[in-house]
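# Descriptive analysis of the structure
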Amino acid sequence: MAVKRKIIKERVPTPERPPEERVKSFVEVNLGYTFELAVKEAERCLQCPYDYAPCIKGCPVHIDIPGFISKLVQYRDNPDKAVKEALNVIWACNSLPATTGRVCPQEDQCEMNCVMGKVGDKINIGKLERFVADYAREKGIDEELLFEIVPKIEKKGQRVAIIGAGPAGLTAAGELAKLGYDVTIYEALHEAGGVLMYGIPEFRLPKSIVESEIDKLRKLGVKILTDHVVGRTVTIEELLEEYDAVFIGSGAGTPRLVNAPGINLNGIYTANEFLTRVNLMKAYLFPEYDTPVYVGDKVIVIGAGNTAMDAARSARRFGAEVTIAYRRGPEDVSARIEEVHHAKEEGIKFEYYINPVEFIGDENGKVKAVKFEKMKALDERDSRGKRKIVGTGEYVVLEADTVIIAIGKHPNRLIINTPGLKVERGRIVVDENLMTSIPGVFAGGDAIRGEATVILAMGDGRRAAKAIHEYLTKKREEQKANA
Amino acid sequence: MPYKILDKKELAMNEIWYKIHAPHVARKVQPGQFVIVRAFSNGERIPLTPVTWDREEGWITLITFVRGKTTMRMANELKPGDEILNVAGPLGNPAPMKKYGRILAIGMITGIVEVFPIAKAWQEIGNEVTTLHVTPNPMVLLKEEFEEAVSRHIVEGFDLQPGWGMQEIAQELVKRAVAKVKELLEKEHFDMILTVGPAGGQKAIFNVVKEYGIPMHADLHPIMVDATGMCGACRVTIGGEVKFACIDGPGFDAYKVDWDELIHRTGFYAPMERLAMEHYLKQLQAQGGEQ
């Protein structure tokens, strides 16, 4: 008979800073577990066997979740050892756990499938992952582990170029470096991290944490060339002359705009521009930092995905009254539940079933209001399972002195204009091994998906690394045979 | 990835010339393209145009006009041997390299710096290029270089009057530019016009040029942040369509540009830029006070 274990139904909560305090700064909202709290939460895990564990199946990078959680409990008397063992398990699949622990939509992935959910709260997998990464970083345990791993890497003598230092590219780079390939990342911006640096705000993902994760990749031997814009500084054809394989992880680099009159009025930002100014260029520290951002008293954010929440909550921290305007209803909001919850706690208003049709400006070309058409939902559903919406012919005008458009992105045009690269509807076409129409050139993340999540991009990075490894192994063997 | 300043000097009042080691740019840059420079860790990303370059030695030269906090800090704080944090590029599309015939290439104030590589290349492929620099007298730039590179170089200078602010300078600039362009177009035939400079000046010149129906290429300078097509700060309306100057431009058919929108958009941050400048000047004063 199996050992009977006591089921603890309630999740051990992570401390959070109160809303009234956090709307005044960009300091991180969630404070994370202490070791004691983490062990308490870890103990709730039922430890499903590896082959069955539904959480692993729900994770795009297949982290051995019960495996890392069990280490925390097993070595509970030795926190450093517990974390080192747990980190070792995570690193086998994921080089950026401090990031994924914070920004993954766990509720739709690992946690969605958690068996504990049938009797109580699901295990707080994301926060446990984050705890392991944070504790390891603070205590230098990650460095120790790297020190053990790096000398064991066997050099393959082949070179791989990676385009874009975002989640997909960083993951592919980490995996390939661990396999012994000589990896160079080409990054257009002045800092590596991609959307983790320019898109996700400090209060959700502190930049110092991203920097420290990237620093570990450098210690694995990954070279990062910033200020290199592929498509301008160097072309994919040129990269293929120098490298044995190329991975495109250039992301969804071009914002979608609302096709309505007045879109270029001053005070109308794309979410990309607004968040880049605030996060990457630290406009919230203006004039200490030189890049300004204009946030008026009344801000309207158009869209209801995670990017919209990030933009809205950032604008709120400048003291603005913020409204999220969404053309569909609350059930179709695509942002994570936690983000919507945080946004509401911070006083952000939600207006549903309104769709912008015109931006109204003043005599100086600055936005002062947005005209919306009221929408209604039909019973009929579209291909994504969302209810179809139609205009009602009724309109409403809302005042706004800043508008942020957060309705999605297209892949960056500089990359997709490469001759011979097959592209459909702006997305790079890949086969089941993530290889593009150009032999030796692979792609993943938003460049092939349009837009998705950090972890899906990382999943692609990992899959691509595996495919590149197979491709290059074959190439090595062929060269050996021909020699 | 720091980039070493190989040389630096003041060319004219508030016009600073930098020679910078940036081999990745030098290898690839074409006339009409630009770079994004971020000089300091808390600095902005600003677009600047390589004026000359050496592909083998791996350097480019840039000229800045001191007008905001960033350009002033660069002028004050950087010396030869120092490093600039970032030089990204080359960015934007090269200017079209065609045989047009007789070309008039107009640069207003620092705009002339961007005219240089394009005008020189146009002359080299067999065009007959006249360049016109409209500028306050203390800011004559690259005069000898132009005289050597193109068929004819005209400087239309004017004296700054005491008490003039940016507004008055801009008004005089436009007045002078328009008068000179009219004079030239009355007397001579041109097949193509190029303008670089403040959007208001470009619009005024365009209004003259369109009377004559001459094709006109305008290099635009909207505000940019990432300059790789990602942020959309630089969007401009061209022929009724939204374009991004960083990846679709920076050069466009002047007949299709929505000039008033461009003028509004380029002026949006002026009050905040003044604030940043005041903040910097206060810092400088405080430092001076401690010494």
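Residues numbered from 1 in each chain as written. Chains lettered and ligands numbered in written order. Predicted model: local features only at pLDDT ≥ 70, side-chain atom pairs only at ≥ 80, totals over all residues. Heavy atoms only, no water.

Further remarks concern the environment of A75 of chain B. All names here are of chain B. Here A75 shows up in helix α2 (residues 69-77). Sequence spacing of A75 and K99 is 24 residues, and the spatial spacing of their C-alpha atoms is 38 Å. The contacts of A75, once residues within four sequence positions are left out, are K8, I16, Y18 and V66. (Helix = DSSP H or I, 4+ residues; strand = E, 2+ residues; numbered from the N terminus. Contact = heavy atoms within 4.5 Å.)

Below, the discussion takes up the nonpolar core. Within soluble globular proteins, side chains that are nonpolar generally end up buried alongside one another. Formed by 110 residues in total, the largest nonpolar core has its most connected members in F68, L72 and I248 of chain A. Sort the elements by how many residues they give to this core and helix α18 (residues 454-482) of chain A lands first, with nine residues. Composition of this core by domain shows at least three residues from each of domain 1 (19-149) and domain 2 (154-253 + 411-482) of chain A. Not counting the four nearest positions on each side in its chain, I248 of chain A is found in contact with I163, I236, I415, L421, I428, V441, F442, A443, G444 and A447 of chain A. Counting 50 residues, the second-largest nonpolar core is a separate cluster that includes V181, M224, V257 and L262 of chain B. (Core = buried A, V, L, I, M, F, W, Y, C linked by side-chain atoms within 4.5 Å. Buried < 20%, exposed > 50% of the residue type's maximum accessible area, 1.4 Å probe, protein only. Domains from an automatic or database assignment.)

Below, the discussion takes up the sheet that holds strand β3 (residues 223-225) of chain A. Residues and elements named next belong to chain A. Taking strand neighbours across the sheet as the criterion, the five strands line up as β3-β2-β1-β4-β17 in an open arrangement whose pairing is parallel. Looking at strand neighbours, the two that pair on one side only are β3 and β17 (441-443), the edges of this open sheet. Taking the axes of each pair of neighbouring strands and ignoring which way they run, one obtains an average angle of 20° across the sheet. As paired strands, strand β4 (residues 245-248) and β17 are joined by three bridges and run parallel to one another. Counted as the bridge partner of V246 is V441 from β17. The sheet strands contacting helix α9 (residues 167-178) are β1 (159-163), β2 (182-186) and β4, and the helix crosses β2 at an angle near 165°. Its contacts with the sheet put α18 on β1, β4 and β17, and the angle it makes with β4 is roughly 165°. (Pairing = 2+ DSSP bridges. Axes fitted to C-alpha atoms, helices over the stretch in contact; angles between N-to-C directions.)

Here, the residues flagged by UniProt with the feature "binding site: [2Fe-2S] cluster" (unreviewed entry) are C231, C234 and C246 of chain B. A maximum C-alpha distance of 9.9 Å places the annotated residues, which cover 16 residues in sequence, within one compact spot. In this structure, C234 of chain B sits in the loop between β13 (216-219) and β14 (235-238). The residues contacting C234 of chain B, other than those within four sequence positions of it, are P222, I223, M224, K243, F244, A245 and C246 of chain B. Position of C246 of chain B among the secondary structure elements: in helix α7 (residues 245-248). Look past the residues within four positions of C246 of chain B in its chain and what remains in contact with it is R232 of chain A together with F34, G92, M224, A227, T228, G229 and C234 of chain B. (UniProt positions renumbered as here; feature names shortened; annotations may be inferred.)

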